[in-house]
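Below, each chain spelled out in residue letters.
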Amino acid sequence: QVQLAESGGGLVQAGGSLRLSCVASGRTVSSYPMGWFRQAPGKEREFVARMLWNAESYADSVKGRFTISRDNAKNSVYLQMNSLKPEDTAVYYCAAALGPYDLDKASRYDYWGQGTQVTVSS
């Protein structure tokens, strides 16, 4: 089993930055595809970014503003979020997958963190 714990959320003004962290325990996740998703009130959970080996992929809505990275020594994944907008407000979740396919889909991920709230004020 893999346990994931996110941190780093908070309240920030539009244009500001936050860095989310996701620490894994239970297993080493260095070989796992890892992803970040978010869910706003009344909306479905949506893909934000993912990393498969060293290949990154982003949702169009965050491309150029967000960066996913990982530190295998710390068994951790990060999401650097710059130029934040009010529409980025959501609960952000870290997830780990056991397989490498359709990683833009939440259903492909096997382990999830509890989420961390990000609120961007205008």
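Data block above holds the structure.
Asks: How would you explain the side chain of Ser-57 if you had to name every residue and give the values?
Replies: Positionally, Ser-57 belongs in strand 6 (residues 55–58). For Ser-57, a relative accessible area of 19% corresponds to the buried category. When near neighbours in sequence (up to four residues on either side) are disregarded, Ser-57 contacts Phe-47, Val-48, Ala-49, Arg-50 and Asp-104.

Asks: Outline the nonpolar core, supporting the account with residue identities and numerical values.
Replies: Judged by nonpolar contacts, the single largest core of 38 residues is most densely connected at Leu-4, Trp-36, Leu-79, Met-81 and Tyr-92. Elements that contribute at least two residues to this core include exactly strand 3 (18–25), strand 4 (34–39), strand 5 (46–52), strand 7 (66–71), strand 8 (76–81), strand 9 (90–96) and strand 11 (116–121).

Asks: Can you lay out the state of the cysteines for me, pointing to particular residues and giving the numbers?
Replies: Within the structure shown, the criterion is met by one disulfide. At a sulfur-sulfur separation of 2.1 Å, the disulfide partner of Cys-22 is Cys-94. Between Cys-22 and Cys-94, the S-S torsion sits near -75°, and that sign places the bridge as left-handed. Placement of Cys-22 in strand 3 and of Cys-94 in strand 9 is noted, with a sequence separation of 72 residues between them. Residue classification places Cys-22 among the buried positions, given a relative accessible area of 1%.

Asks: I'd love a proper account of the pattern of salt bridges, names of residues and values included.
Replies: Under the definition given, this model contains six salt bridges. In this structure, Arg-38 engages Asp-88 in a salt bridge whose closest nitrogen and oxygen atoms are separated by 2.9 Å. Of this pair, Arg-38 sits in strand 4 while Asp-88 sits in the loop between strand 8 and strand 9; the two residues are 50 residues apart in sequence, bridging distant segments of the chain. Comparing Arg-38 with Asp-88 shows no difference in burial state: the two are buried. The shortest N-O distance in the salt bridge between Asp-104 and Arg-50 comes to 4.0 Å. Placement of the pair is Asp-104 in the loop between strand 9 and strand 10 (111–112) and Arg-50 in strand 5, with a sequence separation of 54 residues. The network of salt bridges with common partners includes Arg-38, Glu-46, Arg-65 and Asp-88.

Reading guide: rules and limits
- Residues numbered from 1 in each chain as written.
- Predicted model: local features only at pLDDT ≥ 70, side-chain atom pairs only at ≥ 80, totals over all residues.
- Heavy atoms only, no water.
- Helix = DSSP H or I, 4+ residues; strand = E, 2+ residues; numbered from the N terminus.
- Buried < 20%, exposed > 50% of the residue type's maximum accessible area, 1.4 Å probe, protein only.
- Contact = heavy atoms within 4.5 Å.
- Core = buried A, V, L, I, M, F, W, Y, C linked by side-chain atoms within 4.5 Å.
- Disulfide = S-S within 2.5 Å.
- Salt bridge = Lys/Arg side-chain N within 4 Å of Asp/Glu carboxyl O.

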